[in-house]
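Spelled out, the chains give:
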Number of protein chains: 2
Amino acid sequence: MATKYQATLTERLALDTYIKVSRAANAVELRINRHLSDYGLTISQFGVLEALYHLGPLHQHQLGEKILKSSGNMTLVIDNLCKRGLVKRERSESDRRYIAIHLSKEGSALMADLFPKHVEKVVVALSPLSQTEQEQLAMLCKKLGVGQLETV
Amino acid sequence: MATKYQATLTERLALDTYIKVSRAANAVELRINRHLSDYGLTISQFGVLEALYHLGPLHQHQLGEKILKSSGNMTLVIDNLCKRGLVKRERSESDRRYIAIHLSKEGSALMADLFPKHVEKVVVALSPLSQTEQEQLAMLCKKLGVGQLETV
DNA sequence: CAAATATAGTTTAATATTAAACTATTAAAT
DNA sequence: ATTTAATAGTTTAATATTAAACTATATTTG
């Protein structure tokens, strides 16, 4: 018989909400990103390409901040994208600490083909919710996400 | 200049919602689980211990389903927990395909100490939202999560 | 001007994670 | 009773991920 924690109502609600948010985010992300393997891409590789596709060249630190990964991980993910010929590294001449990451021609072509399909997957994955519900969910998640910086 | 995808309103809303859900879930999870390193645990290790703490012994396949990880990953995560002496494997005598995973005494003691702290972190992380907002978020995420099984 | 500090990116070690192929065992079909 | 199919768990290869320590470069401080 497992020892069970006796949670208060506030605690039970917070735990329940947290679990449901985590599971929904996980299920949606796996669903949307399942087709990336058709392009031989992982989720993080796609995240890098997507950021460069929308924002233009970024240096590695900025990319890490955008897709919420450590600098060590960014090195490996970008290494692998370079090997694929999808991105290029270019060290800044004015400040040699910085390396700008550019989409290559192949990378741009791949994203031009892939991104509309990604959008389609996102629309289908979110379709269990009405437009109003999606707006509500976005608002609540924004509030929750922003709140992680303030409540110390 | 990056090539930009011209999204419709429906597409923009879905993308926006998806990004906010992912980021909020990620931020909350990192925030809540930051203290696990004090116990020398990773997020998946904690997930296994938590499932066993609440539900009693489970076999590996069930654990994988509970915390949404592949069977190959479960083998490694459980291997590492066994090394720590926190769980034990026990092969079923009636069906030798099955291996039940049990919390050890050390595992139970650790969870008895850790879980209340985890709950505290969850309550704080969710506190930017009112009780009504948490209920709303839970409802929307349940609908969204369940919907990933139906919309093929 | 030199020393101290800060920042960008890399490397290392450890763990996580997947898909696919595999072994072992049990159940179902013939 | 034998063959086929299904299930549990392991192994392999590849990639992801982190924290911490490191190198290289630039900025700030005294």
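Below: a short report on this structure.

## Let's talk about the protein's contact with DNA strand C
Around DNA strand C there are 23 residues in total, and His61, Thr75 and Ile99 of chain A together with Thr42 and Ser44 of chain B lie nearest to it. Atoms of DNA strand C within 4 Å of the protein belong to the sugar or the phosphate in 79% of instances, the rest to bases. Here a phosphate oxygen of DNA strand C sits 3.1 Å away from a polar atom, N or O, in the side chain of lysine 69 of chain B. Arginine 97 of chain B places a polar side-chain atom, nitrogen or oxygen, 3.2 Å from a sugar or linking oxygen of DNA strand C. Secondary structure elements with two or more residues in the surface near DNA strand C: helix H3 (60–67) and helix H4 (71–83) of chain A together with helix H2 (43–55) and helix H4 (71–84) of chain B. No other element matches H4 of chain B, which puts four residues into the surface near DNA strand C. Grouping the amino acids of the surface near DNA strand C by side-chain chemistry returns four nonpolar, 13 polar and six charged.

## Some words on the interface of chain B and chain A
Facing the 59 residues of chain B at the interface are 59 residues of chain A. Buried surface at the junction of chain B and chain A, both sides included, amounts to about 5800 Å², of which 70% is carbon and sulfur. Applying the counting rule to chain B against chain A returns two salt bridges. Note that lysine 143 of chain A is salt-bridged to glutamate 133 of chain B, the shortest N-O span being 3.1 Å. Counting across the interface, chain B meets chain A through 12 residue pairs in polar contact (both at pLDDT 80 or more).

## What to know about H4 of chain A
Residue and element names in this part refer to chain A. The end-to-end C-alpha distance of H4 is 18 Å, a good match for the 18 Å that 13 residues give at a rise of 1.5 Å each. Those residues of H4 not exposed but buried are Met74, Val77, Ile78 and Leu81. Looking straight down H4, one finds that the buried residues subtend no more than 100° of arc, so they occupy a single side. Residues Gly72 and Lys83 are exposed on H4 and point more than 90 degrees away from its buried face. Looking at the buried residues of H4, the elements they touch are helix H2 (43–55), H3, strand S2 (87–91) and strand S3 (99–103). Positive backbone phi, at 80°, marks glycine 85, one or two positions downstream of H4.

## Digging into the relation of the copies chain B and chain A
Each copy superposes on the other: chain B lies on chain A with an RMSD of 0.0 Å after a rotation of 180° and an axial shift of 0.0 Å. Within this description, the copies of the chain are treated as partners about a two-fold rotation axis. A share of 100% of the interface residues of chain B reappears at the interface of chain A, consistent with the copies meeting face to face through the same patch.

## Considerations on the pattern of salt bridges
A full pass over the atoms with the stated rule returns 10 salt bridges over all chains. One salt bridge in this structure joins lysine 117 of chain A and aspartate 113 of chain A, with 3.2 Å as the shortest N-O distance. In this pair, lysine 117 of chain A and aspartate 113 of chain A are both assigned in helix H5 (residues 105–126), four residues apart and thus about one turn of the helix distant. In this structure lysine 117 of chain A comes out as partly exposed when scored by relative accessible area, which is 35%. In this structure, the salt-bridge partner of aspartate 79 of chain B is arginine 89 of chain B, at a minimum N-O distance of 2.7 Å. Of this pair, aspartate 79 of chain B sits in helix H4 while arginine 89 of chain B sits in strand S2 (residues 87–91), and the two are 10 residues apart along the sequence. Since its relative accessible area comes to 29%, aspartate 79 of chain B is described here as partly exposed.

## Here's the deal with the protein's contact with DNA strand D
The immediate surroundings of DNA strand D are formed by 24 residues, with Thr42 and Ser44 of chain A together with His61, Thr75 and Ile99 of chain B found nearest. Here, DNA strand D places atoms within 4 Å of the protein, and 82% of those atoms are sugar or phosphate. Within the backbone of isoleucine 99 of chain B, a nitrogen or oxygen atom sits 2.6 Å from a phosphate oxygen of DNA strand D. At the level of secondary structure, the elements contributing two or more residues to the surface near DNA strand D comprise H2 and H4 of chain A together with helix H3 (60–67) and H4 of chain B. Here the surface near DNA strand D takes four residues from H4 of chain A, the largest share from any one element.

## Some remarks on H3 of chain A
Residue and element names in this part refer to chain A. Buried within H3 are the following residues: Gln60, Leu63, Gly64 and Ile67. The arc that holds every buried residue of H3, seen down its axis, measures 100°, which confines them to one face. Turned more than 90 degrees off the buried face of H3, the exposed positions are His61 and Glu65. In this structure, the buried residues of H3 make contact with H2, strand S1 (58–59), H4, S2 and S3. Once H3 ends, the next one or two residues include leucine 68, with phi positive near 60°.

Thresholds applied
Residues numbered from 1 in each chain as written. Chains lettered and ligands numbered in written order. Predicted model: local features only at pLDDT ≥ 70, side-chain atom pairs only at ≥ 80, totals over all residues. Heavy atoms only, no water. Near = heavy atom within 4 Å. Polar contact = N/O pair within 3.5 Å; in protein donor to acceptor, adjacent residues only side chain to side chain. Helix = DSSP H or I, 4+ residues; strand = E, 2+ residues; numbered from the N terminus. Nonpolar A, V, L, I, M, F, W, Y, C, P; charged D, E, K, R; others polar. Contact = heavy atoms within 4.5 Å. Buried area = accessible area lost by both parts, 1.4 Å probe. Salt bridge = Lys/Arg side-chain N within 4 Å of Asp/Glu carboxyl O. Expected span 1.5 Å × (residues − 1). Buried < 20%, exposed > 50% of the residue type's maximum accessible area, 1.4 Å probe, protein only. Arc of directions from axis to C-beta. Least-squares fit on C-alpha atoms with pLDDT ≥ 70 in both.

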